[in-house]
Structures are given as structure tokens and as C-alpha cells.
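What the coordinates show
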There are 2 protein chains.
Amino acid sequence: MDQLDQLVTTSARLGILGGGQLGKMLVLAASHWHVRCHALDPDPACPAAHLVERFVVGNYGATDDVIAFGEGLELLTIEIEQVSCDALEALERRGVRVCPQPSVLRLIQDKGRQKEFYSHHGFPTASFSLFPSAQALRAAVASGEVLLPFVQKVRSGGYDGRGVQVVKQAEDLGDLLEGPCLSETFVDVAAELAVLVARSGRGEVVSYPPVEMAFDPKANLVEWLACPARIEPQIAERAREIALDLAAALQIEGLLAVELLLSTSGELLINEVSPRPHNSGHHTIESCFTSQYEQHLRAIYGLPLGSADLKLPAVMVNILGADGYEGHPQYQGLTECMALPGVKIHLYGKSRMRPGRKMGHATVLAHELDDAIATARRVRETIKVIARPEDGSES
Amino acid sequence: MDQLDQLVTTSARLGILGGGQLGKMLVLAASHWHVRCHALDPDPACPAAHLVERFVVGNYGATDDVIAFGEGLELLTIEIEQVSCDALEALERRGVRVCPQPSVLRLIQDKGRQKEFYSHHGFPTASFSLFPSAQALRAAVASGEVLLPFVQKVRSGGYDGRGVQVVKQAEDLGDLLEGPCLSETFVDVAAELAVLVARSGRGEVVSYPPVEMAFDPKANLVEWLACPARIEPQIAERAREIALDLAAALQIEGLLAVELLLSTSGELLINEVSPRPHNSGHHTIESCFTSQYEQHLRAIYGLPLGSADLKLPAVMVNILGADGYEGHPQYQGLTECMALPGVKIHLYGKSRMRPGRKMGHATVLAHELDDAIATARRVRETIKVIARPEDGSES
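Okay, so let's go over this structure. The structure presented is a predicted model; accordingly, all values stated were derived computationally and were not measured. (Residues numbered from 1 in each chain as written. Chains lettered and ligands numbered in written order. Predicted model: local features only at pLDDT ≥ 70, side-chain atom pairs only at ≥ 80, totals over all residues. Heavy atoms only, no water.)

Here we take up the overall build of chain A. Regarding its fold elements, chain A presents 12 helices and 20 strands. Relative to the globule expectation of 21 Å for 395 residues, the C-alpha radius of gyration of chain A, 21 Å, shows essentially globular dimensions. By principal-axis analysis of the C-alpha atoms, chain A measures approximately 65 × 50 × 50 Å. In chain A, buried positions account for 62% of the 395 residues. Taking the contacts inside chain A whose residues are at least 6 apart along the sequence as the reference set, 63% of them involve residues at least 24 apart. Only carbon and sulfur atoms are counted for the fraction: they give 47% of the accessible area of chain A, which is about 14500 Å². (Helix = DSSP H or I, 4+ residues; strand = E, 2+ residues; numbered from the N terminus. Rg over C-alpha atoms; globule rule 2.2 N^0.38 Å. Buried < 20%, exposed > 50% of the residue type's maximum accessible area, 1.4 Å probe, protein only. Contact = heavy atoms within 4.5 Å. Areas by Shrake-Rupley, 256 points an atom, 1.4 Å probe, with all protein chains shown as cover.)

What follows concerns the relation of the copies chain A and chain B. Between the two copies of this chain, the relationship is a rotation about some axis together with a displacement along it. By a simple turn and slide, chain A fits onto chain B: the slide is 0.0 Å along the axis, the RMSD is 0.0 Å, and the turn is 180°. When the rotation and shift are considered jointly, the pair of chain copies conforms to a two-fold rotation axis. In terms of C-alpha distance to the rotation axis, chain A has Leu51(A) as its closest residue, with the C-alpha 2.5 Å off the axis. Both copies contact each other with a shared surface, as 100% of the interface residues of chain A are interface residues in chain B too. (Least-squares fit on C-alpha atoms with pLDDT ≥ 70 in both.)

With that out of the way, let us pick up the interface of chain A and chain B. Taken together, the 47 residues of chain A in the interface contact 47 residues of chain B. Interface area for chain A against chain B, summed over the two sides, is near 4400 Å², with a carbon-plus-sulfur share of 58%. Scanning the region where chain A abuts chain B turns up four salt bridges. For Glu294(B), the salt bridge goes to Lys344(A), with nearest N and O atoms at 3.0 Å. At the junction of chain A and chain B, the tally comes to 36 residue pairs in polar contact (both at pLDDT 80 or more). The set of elements that each furnish at least two residues to the side of chain A that touches chain B consists of helix 1 (3–9), helix 2 (21–33), helix 10 (292–300), strand 17 (329–332), helix 11 (334–338) and strand 18 (343–347) of chain A. No other element matches helix 1 of chain A, which puts six residues into the side of chain A that touches chain B. Each residue belonging to the side of chain A that touches chain B can be placed in one class, and the counts come to 21 nonpolar, 16 polar and 10 charged. (Buried area = accessible area lost by both parts, 1.4 Å probe. Salt bridge = Lys/Arg side-chain N within 4 Å of Asp/Glu carboxyl O. Polar contact = N/O pair within 3.5 Å; in protein donor to acceptor, adjacent residues only side chain to side chain. Nonpolar A, V, L, I, M, F, W, Y, C, P; charged D, E, K, R; others polar.)

Here Leu347(A) is to be found in strand 18. Linking Leu347(A) and Asp323(A), residues 24 residues apart in sequence, is a C-alpha distance of 19 Å. The contact partners of Leu347(A), leaving out residues within four places of it in the chain, are Lys24(A), Ile319(A), Tyr331(A), Leu334(A), Met359(A), Gly360(A), Leu4(B), Val8(B), Ser31(B), His32(B), Trp33(B) and His34(B).

For the rest of this paragraph, the subject is the pattern of salt bridges. Taken as a whole, this structure holds 36 salt bridges over all chains when the rule is applied. Through salt bridges with shared partners, one network takes in Arg13(A), Arg36(A) and Glu53(A).

Residue and element names in this part refer to chain B. If you walk across this open sheet you meet the five strands as 3-2-1-4-5, and the pairing is parallel. Bordering the open sheet on either side are strand 3 (54–57) and strand 5 (97–98), each of which pairs with just one other strand. As paired elements, strand 2 (residues 37–41) and strand 3 share four bridges and run parallel to each other. By the bridge assignment for strand 3, Ala-39 is matched with Phe-55. Lying over the sheet, helix 10 (residues 292–300) contacts strand 1 (14–17), strand 4 (75–78) and strand 5, oriented at roughly 140° with respect to strand 4. (Pairing = 2+ DSSP bridges. Axes fitted to C-alpha atoms, helices over the stretch in contact; angles between N-to-C directions.)

Residue and element names in this part refer to chain A. In spatial order, the strands read 6-9-7-8; together these four strands make up an open sheet with antiparallel pairing. Whereas interior strands pair on both sides, the edge strands pair on one side only; in this sheet they are strand 6 (128–131) and strand 8 (164–167). Between one strand axis and the next, the sheet turns through 25° on average, direction left out of account. Pairing of strand 7 (residues 150–154) with strand 8 involves four bridges; the strand directions are antiparallel. Considered in strand 8, the bridge of Val-151 is made with Val-166.

All names here are of chain B. Tracing the backbone shows Arg-199 in strand 10 (residues 189–199). Summary of buried charges: Arg-199 has no salt-bridge partner, and the nearest side chain of opposite charge, Glu-253, is 5.4 Å away. A polar side-chain atom of Arg-199 sits 2.9 Å from the main-chain carbonyl oxygen of Ile-252. Excluding anything up to four places from it in sequence, Arg-199 contacts Glu-204, Val-205, Ala-247, Ala-248, Gln-251, Ile-252, Glu-253, Gly-254, Ala-299 and Leu-305. (Lys, Arg positive; Asp, Glu negative; His and termini not counted.)

Right, let's talk about the environment of His282(B) for a bit. Residue and element names in this part refer to chain B. With respect to the helices and strands, His-282 occurs in the loop between strand 15 (268–274) and helix 9 (284–287). You can call His-282 buried: its relative accessible area is 0%. Among all residues touching His-282, those that are not within four sequence positions of it are Leu-22, Met-25, Gln-292, Tyr-293, Met-316, Tyr-348, His-361 and Thr-363. A polar atom in the side chain of His-282 sits 3.4 Å from the side chain of Tyr-348.

Take unusual backbone geometry next. In this structure, the amide linkage connecting Cys99(B) to the following residue, Pro100(B), adopts the cis form with an omega of 0°. Its location among the elements puts Pro100(B) in the loop between strand 5 and helix 5 (102–109). Looking along the chain, the bond that leaves Leu148(B) and enters Pro149(B) is cis, with omega of -10°. With respect to the helices, strands and loops of the structure, Pro149(B) is situated in the loop between helix 7 (134–142) and strand 7 (150–154). In this model, His34(A) sits at a positive phi of 65°, which is unusual for a non-glycine residue. Of note, Gln251(B) is a non-glycine position whose phi angle comes to about 55°, a positive value. Secondary-structure assignment places Gln251(B) in the loop between helix 8 (233–250) and strand 14 (254–263).

Geometric descriptors of this kind do not, in isolation, establish any biological role.
Laid out in C-alpha cells, this is it:
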């Protein structure tokens, strides 16, 4: 019996919670095998909506919506973490497979438990303390238990840079994020890295070459990323080991994106993880033997994992909504950039833009990484997403 | 004004005549830019049906169906040549752009006119004679005007190896194909090559590295193809020049796949052309900077053409229905093959298989072409498509 045959020739369908760009690219990867997908998203005009066999408008965080969507599907996966784990557990009891497992999702949804997991299992991460509220954290600073500067992270609901802030001085304490949170020792960062790994239910694991992430400090989003990261080979090797060990410790089925900080003193520290395809893996579509999306499918279906080797160095830039605009998007500079060598344009088709919103990305391939970086910089300067004038351009 | 912006943010839609695997892969390429597609195909379960924004069941060869489908679209293209040119011309008069142009399609639909075009424009092709019927050809053989062995091709309607046969001896003359046809001098073939080129309305042209095609003599289909072709560099260069010159002579907008014969005496002769994405270009999805599907979109929309350079050598094998079976497909060996290094599986999702039907393909990437060829041979021996037992397996 051929597993892939079963996925294609039976009524098996893949359900995806979320229909954003990650869901869309997962659907496109599944389409190469003709695995049919269903998606759940609150936005009927979301990027994946018109590409799936069945699209359901609903809230992936709402128990009833997720149960109604998932029932009858063979396998359910996610493109966003903020989903109802209650619903996923209920569906598991009714015989639906869920990957990544709800237990892993619950752990990752709570940054406090996530940090405790790292400590208990000996994974390197910045030292931290948990607090039930901003007030309690403020008191700990006042008592000298927490020292400035530090990083505050809310325990749940953070996403895409939201829910995280650096607290530098006493005056910032008034702006602490409310709710259960944690403080982390501030780390002097030499580089931010991301390592994608995949693990299948059969225990097979594979790691991608580390990615070097350059952050836009204002939007708190990745400005560009380069693969392979320009770091010492032994650092790269160690980063891949940490990520592989973490995937094994979590016993995850599917992709795990592990963001790491390389401190100026040479330490590698786990910063955040995402149990799904990740922004830092977009480049794999064109640059790797197996894209992160295909790899996720291989992992969750228990198929043999594919090579994560690079075909060519690559740099990815997000295409973000420009500051000062909100409305129906108008793209500038795309056609100019697609004429540049090795530039691959991806547009997500979102119907509305706002400052910092991810509207697309460009991957630049070149035989030499430096050439790709130079072209990527030019792409970033050239492409702009504003609002269409008829909308009124100021937000 | 950004051209790609116009395609994504306006109501512009791409219409595709045909929803087979070529149409499906074209839709997937368009999806990376979020260009929405509509498709027309007689089979409601065809490969592209569930991936397009609007799918219409109808006959792309029927004038009324094509006009009804195409009206209101901004641009219409094809994934198969056997379409109604009358309808396309009527749509052009109503303001719908059609690429490739109906005039080019008419020429290519008639292998007789195609051959005359080559002679008139000085393109190398096997010498030929035109006949109104099989009977007239038989008379020409009897009179010594046509010598055995020769190749008979019907002037219109041939596809995927149908409508072409080698006539070796007098006894075969009873089996001549009926209808208007041509005879071609039999060529001693050293290699069969395919060169993909693209030309945009702005006159920009680009050529892909030649592909070496190995034919399965029984099914008269490509057995495997390797890129780059293992030929002398000056032969490769000459093949690309011929294909580029032909695209320019035709003034085609879009892709042109040019199949060439390399004779044992070292001559390059144009054999057939297809004005669309082509089986010989499947490998470009993973092996080239710009896939043939993206290149076709760039060309027909007048966008800058992309690099056709190889990232890595590649070999493609078609996944065909096995002899002796007909019915709902059952795939064997897929999962075993996807574990091999560099193997990328594509399944078209066709609901029925029959002997020789193209059900999918596998592309094998490797740093060395010989390694890819070895793996491709193994894939070809391993993957089999039969009919599901419940159907009754014998055709």
C-alpha cells in the first residue's frame, strides 16, 4: 500500500486552520501531489480561500467552529498557533489526526510553559521569571529581583512581534504589557538566526541550513533574511543540533521553526519557536531541494522526509504595507524588480493593506550570497505597498 | 503604473483553454502572484478544476463554448492547441487579448502550413510533400515520388504522438492514416532535443538549455528527458538559435516549445512546435530560475522575461498509466521514490487511468546529471499506475 496513493485516490482531505499566506503556500505544495485541502479562516477573502476545495468562514480560535470544520477530515494542521486546542483535542477523540499535536500547541501557546520546558530539558535560553501581571513584574523590578534592561513577553497571544518589548529604563515601566507575562534577561545580540527542522511520526528528522535574520526595528518584523547565515560552520552546526534536539524532545510531528539568538559572547539561545511553516522558510520554495511546505506535508503524513539542502544561496525580503496608508493595496516597483536577476515575486492577494502588514515577499537567488543580498536591498528600496488613491490614502 | 499590480488588484482574470496538467501548473504559477484564473475543459474533474476561481465545463474546440467562456476576460491563453480559432478571433474583435495569437495557432494546427512556413523562412526541417488524402500519398509512393521509408503525419488533430507514424515498407501502406497529410523524409536520428523559448509582446526573447528526450517507442511518449542535453556546446547553441529565430519569425507572444531532431550526420531539423507550456519543460519548476509556467505568464502579460538558467541538472520521467489497465488509478511506488535523493513527485489528480495516459511526472535533481539519470531510471522502474481492483483491472 502506497501512502501517497492513499492521499490522492481516497476521500482523504487535509484541513488547515488559517487561510493566510502560509496556508496558501501549503495548499500550493499539496497541489503538486493533488492532495485536496480545506481551510478555515474568518476572512472570506483570505489568501488561500479560492485555492482550496472547501473554504469555511469561521474563527480558528473558537471551539465550535473548529470542531464543525474538522469533523470528517483525515488530518488537521495549522498555519497559525492561536487555535482552539480544546477543539483539536475533541477532534482527536473523534478520530481526526492533528499535527502538530495539541499538547505541543498548548505548550507553545504559553511562552511561560515554553520557557520552563527549555529549562527542564536543558535547552539554552535567556534566563527568565514568570509573573501573573504587569503589576507583579513592576514590583519585582522595584525590589531589585528583575534588573533593567530586560525583555517583557506576554505569556499568550503574542504574534509577529506583538506581545514582546524591550524595557530599557525605569520610565518604560508604565508601558508594560498587561496580563500574565515573563521577563527575560536582555541579551546583547550578535545575530538572530532561524533554523527550520521537521520531524515525522516515524521519528525521522531533518534540519535546514540556518537563516540569518535582519530585523526592521520599527516594524519588529524581519527586514530580510539570508540563507545560509554568514556564521562560523561550528555555530551553524550547533544551531541545527539544538533545533533537532528540541523537535525530538517535543516529539513534534511537522515543522518546527526555531529562532535563536547568537549573543556577542558566542552563546546560542532559543528565543521563540513556531510549530508550522514559518516566514523564515519562504526562501526554501526556490532555494532548497524540498520546500518547507512540502516538508511539512511529508512530516505530518509520515512520508519520508526530503533533502533540506540548498540548491543556491537565497535572500528573502517581506513586502510590507507602507506607513501612513491603509486600504486596498497598490503595489509599486514589482515589475521593475522582477526584471532583476533571480528575483521571485510572491503576492498573497490580501484585499487590504495597513502599515507593516505582510502583503507578499520576494526571494532573490544567486550563485553568490553577496549578490543576492545586494539585489535584495534594491528590491526592498524599490517595492512599496500603499493604499489605492480612491480609498483616501491616509490611515 | 505597475503592470503586475494591475493584474493583482483589478478585476483582470486569466482565462485558460484546457484544464489538464499544463493548465493546472500554469494556475499554480499564477497563484504565486495571486493572478486569478478561469478554465474551460470538458471534464469537470480535470486537474485544474478545483484550483481556479471559476471553472466552466465546455469544449475548447467549440466556437460557442469558447466565446461564452472568454467574454469579459482580460487575457486568454491555452494549454492545448486543439482550440477554436474562430472563437478566439471573434473574442479578439470584442477586445479580449489572446496569447498566443490565433494566427499563430492556426498555422501550428496545420502541420502542412507549418512545414511550408519553415521552408519559406529558411528554417531547417526534413523535406516533405503535402497530400490531400492517404490515397494520394499511396499513389505518390507507387509512382516513386515518395520513397520508403518515410514518416506520415496527418495535417491536423495530431497530439501526443498520435497522428504520426513511420512507414517502413510497402506492406505498411495499407495502414496509412486517413485525411490530409504530409510525408517527410525519414531521418536517422542521433538525438531528439527540445528547446523552450519565450517571446513577449515587447519582442524580448529568452531560451532554455536544450533538453534531451528519450522516447518510449511503444507509447510514442517521452520516456525521460535530461537537461542539459548531453550534446556538443555548439549544437546546443545552434538549437537555441533556431528556436529563438523561429519565435521571432512567428512573432509569438508566449512560450514556444521547439522539438528538434539531431541527425546522425549532425544536422538539426525542426520536428514539431507547441505554442504553450510543454511536457519537456516540467523540470523547469524545480531546476530553473524561472519555470516555464511563470515564463509563459511573463511573456503573455508583457512583463520582463526571467532567467532561463539552470540551478541544477534535472531529469524528468512521465508517470504513465500501465498497459492492460483502465479505471480509477492506483499508484504504486510513489512513497518509495520520494525517499530517493532529489525526487520531486507531481500527480495530476486525473480520475481515470488508461494505458499511456500521463498521470503525473517525477523530476529528479542532482548536482551531477549522471546521478539524476540513474535515479530517474530507478523511479521509472518503481512507480506504476494500475487500475484499482474494485474496478476490474483489465481494460
